Amino acid sequence: VAKRLEQFKTTIFTEISILALKHKAINLGQGFPNFDGPDFVKNAAIEAIKDGGKNQYARGFGVPQLNAAIAESFKKESGITVNPDTEVTVTSGCTEAIAATMLGLVNPGDEVILFEPFYDSYLATVSMTGATIKTVTLRAPHFAVPEDELRAAFSSKTRAILVNTPHNPTGKVFSRKELELVASLCKEHDALAFADEVYNKLVFKGEHVSLASLDGMYERTVTMNSLGKTFSLTGWKIGWAVAPPHLTWGLRLAHSYLTFATATPFQWAAVEALRAPDSFYTDLIKDYSLKRDILVEGLKSVGFEVYEPEGTYFVMVDHTPFGFENDVAFCKYLIEEVGIAAIPPSVFYRNPEDGKNLIRFAFCKDEQTLRDAVEKLKSKLK
Ligand code: GLN
């Protein structure tokens, strides 16, 4: 293994999903829906495959119609008009957008700030650039941004800060005030902002604020999103990055030599997805609010301290009432003895001790599965 990846292991999501299968546990670990995305999008992919002429390499930075559809939805969400050809890049999921952004815009020796707990790929991709990582920890129960610590994390070497809102794994939605603080520090230190907003349509409380929409931020922000979470199509791996031309150029170069292009028929289907009527999004929230309530209430009734998520399809809890040594030991017990798979969040911290009291559950599952999971927890843990 190359030195830059020596410290990493198999991703926790892969590890837990394999264990879930082995023990026939209900998988509330890896965040993928156990139901499919809408028929109108799936049918559009089938049509695109059958059509002919939509099965060879796409234009490297995206099928033109999809770039246009992304520009249109970005305008709706942030109020900003962007040029689909010079400011939108289609990638293989948001994970590739993150990697391309890091590799295309960050130099060895730069500093990159991450909020902790962080989604695991951030640490790995920053490591691949040779940059130094600075972390700012969001602490339970509210996971609020600690202003002084954030200020102290910025320096003359800060190249970028990565902000994931709504936030995986905590379910936190960054407030406008917190994002304004991030924005003012970015401007003060002439730093870039990388905004991973893949859960922007899954907000139950408060409002999603796009970092790029804040005063003076668009010119220094890469905004990333994808189809997977909103349309329950995580396996399609259609993502994108929206950024001003000078930043798009860097990330696009990395994208060109990493994957070059993304699956053509799925890009055509993504055009249809982004044309969904507003009612699609209101139904989505209604549906996910119910799922969230089933799991949150269930976890509370079993005795967990539950940090109610404002967004995403994850919920973090404190497992200490059950007396286990740490999150890994508790997850092992959950899978093997209770029949439920969940994620041990210590992997999302640089110092595993900081996450040892926490467990992350996913509620992107059909109602019956969530109710069955709650019953199992009640019968084995209570
Ligand atoms: N985003 C998903 C989660 O947090 C995992 C995606 C993956 O397995 N890489 O559960």
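Quick notes on the rules
Residues numbered from 1 in each chain as written. Predicted model: local features only at pLDDT ≥ 70, side-chain atom pairs only at ≥ 80, totals over all residues. UniProt positions renumbered as here; feature names shortened; annotations may be inferred. Near = placed C-beta within 6 Å. Nonpolar A, V, L, I, M, F, W, Y, C, P; charged D, E, K, R; others polar. Axes fitted to C-alpha atoms, helices over the stretch in contact; angles between N-to-C directions. Helix = DSSP H or I, 4+ residues; strand = E, 2+ residues; numbered from the N terminus. Parallel < 35°, antiparallel > 145°, perpendicular 65-115°, else oblique. Left-handed = near helix turned anticlockwise from the far one by under 90°. Contact = placed C-beta atoms within 7 Å. Domains from an automatic or database assignment. Pairing = 2+ DSSP bridges. Core = buried A, V, L, I, M, F, W, Y, C linked by C-beta atoms within 7 Å. Buried ≥ 20, exposed ≤ 12 C-beta atoms within 10 Å, placed from the backbone.

If you look the chain up in an unreviewed UniProt entry, it shows as Aminotransferase class I/classII large domain-containing protein from Ceratodon purpureus. As stated in UniProt under Cofactor (unreviewed entry), the record for the chain gives "pyridoxal 5'-phosphate".

**With respect to the site of the ligand**
In the region of the ligand, the neighbouring residues are Thr11, Phe13, Gln30, Gly31 and Asn168. Broken down by class, the residue content of the shell around the ligand amounts to one nonpolar, four polar and no charged.

**With respect to the packing of helix 5 (residues 93-105) against helix 9 (residues 245-258)**
Between helix 5 and helix 9, whose axes approach to 7 Å, the crossing angle comes to 115°. Here helix 5 lies roughly perpendicular to helix 9, going by the angle between them. In this structure, helix 5 crosses over helix 9, and the sense of that crossing is right-handed. In this structure, helix 5 uses Glu96, Ala99, Ala100, Thr101, Leu103, Gly104 and Leu105 to contact helix 9, whose residues at the interface are Leu247, Gly250, Leu251, Leu253, Ala254, His255 and Leu258. For the contact of helix 5 with helix 9, the residue count by class is nine nonpolar, four polar and one charged.

**Here's the deal with the domain arrangement of the chain**
Segmentation of the chain into domains returns domain 1 (3-30 + 279-381) and domain 2 (39-274). The gap between the C-alpha centroids of domain 1 and domain 2 is 25 Å. On the side of domain 2, 27 residues touch domain 1, which itself brings 29 residues to the contact. Every element with two or more residues in the side of domain 1 that touches domain 2 is listed here: helix 11 (278-302) and strand 10 (314-318). Considering every element that reaches the side of domain 1 that touches domain 2, the biggest residue donor is helix 11, with six residues. Considering only residue class, the side of domain 1 that touches domain 2 consists of 17 nonpolar, five polar and seven charged.

**Quick look at the environment of His167**
Relative to the elements of secondary structure, His167 occurs in the loop between strand 5 (158-164) and helix 8 (176-188). Remark: the alpha-carbon pair of His167 and Phe194, spanning 27 residues in sequence, is separated by 13 Å. Once you skip the residues sitting within four places of it in the chain, His167 turns out to touch Lys172 and Thr312.

**Focus: the packing of helix 2 (residues 39-51) against helix 10 (residues 264-274)**
Where helix 2 meets helix 10, the closest approach of the two axes is 8 Å, and the angle between their N-to-C directions is 140°. What the angle tells us is that helix 2 and helix 10 run oblique. Crossing of helix 2 against helix 10: the hand is right-handed. Of the residues in helix 10, those touching helix 2 at Phe40, Val41, Ala44, Ala45, Ala48 and Ile49 are Pro265, Phe266, Trp268, Ala269, Glu272 and Ala273.

**A closer look at the UniProt feature "domain: Aminotransferase class I/classII large" (unreviewed entry) in the chain**
The UniProt record marks residues 25-377 with the feature "domain: Aminotransferase class I/classII large" (unreviewed entry), using the residue numbering of this structure. With 42% helix and 16% strand, the stretch residues 25-377 has end C-alpha atoms that lie 12 Å from each other.

**So, the sheet that holds strand 4 (residues 132-137)**
Spatial strand order, 2-8-7-6-5-3-4: seven strands in an open sheet with mixed pairing. Looking at the sheet topology across the chains shown, the edges are occupied by strand 2 (88-92) and strand 4. In this sheet, adjacent strand axes meet at a mean angle of 20° when their direction is disregarded. Here strand 7 (residues 221-226) runs beside strand 8 (residues 238-242); their pairing, made up of four bridges, is antiparallel. Counted as the bridge partner of Asn225 is Trp240 from strand 8. Across the sheet, helix 9 lies against strand 2, strand 7 and strand 8, angled at about 30° from strand 2, the strand it touches most.

**Digging into the nonpolar core**
Residues Ala193, Leu211, Val315, Ile340, Ala341 and Phe361 are the most contacted members of the largest nonpolar core, which totals 114 residues. Residue contributions to this core peak at seven residues, all from helix 5.

**Focus: helix 10**
Working note: α-helix, 3.6 residues per turn, so residues spaced by three or four point in the same direction. Buried residues dominate helix 10, accounting for eight of its 11 residues. Residues of helix 10 that are buried include every one of Pro265, Phe266, Gln267, Trp268, Ala269, Ala270, Glu272 and Ala273, and no others. Looking at the buried side of helix 10, the elements it contacts are helix 2, helix 3 (64-78), strand 2 and strand 8.

**Concerning the pairing of strand 12 (residues 358-362)**
Burial analysis of strand 12 places five of its five residues in the buried class, the great majority of the element. Alternating positions in strand 12 separate into two faces, Leu358, Arg360 and Ala362 on one and Ile359 and Phe361 on the other, with burial throughout. Summarising the sheet, strand 10 and strand 12 pair through five bridges and their orientation is antiparallel. Within the sheet, the bridge partner assigned to Phe314 lies in strand 12 and is Ala362.

**Remarks on the sheet that holds strand 9 (residues 305-307)**
In space, the three strands of this open sheet follow the order 9-10-12, with antiparallel pairing throughout. Unpaired on one side and paired on the other, strand 9 and strand 12 mark the two borders of the sheet. The sheet shows a mean angle of 30° between the axes of neighbouring strands, taken without regard to direction. Sitting on the sheet, helix 11 is in contact with strand 9, strand 10 and strand 12, with an inclination near 10° to strand 10.

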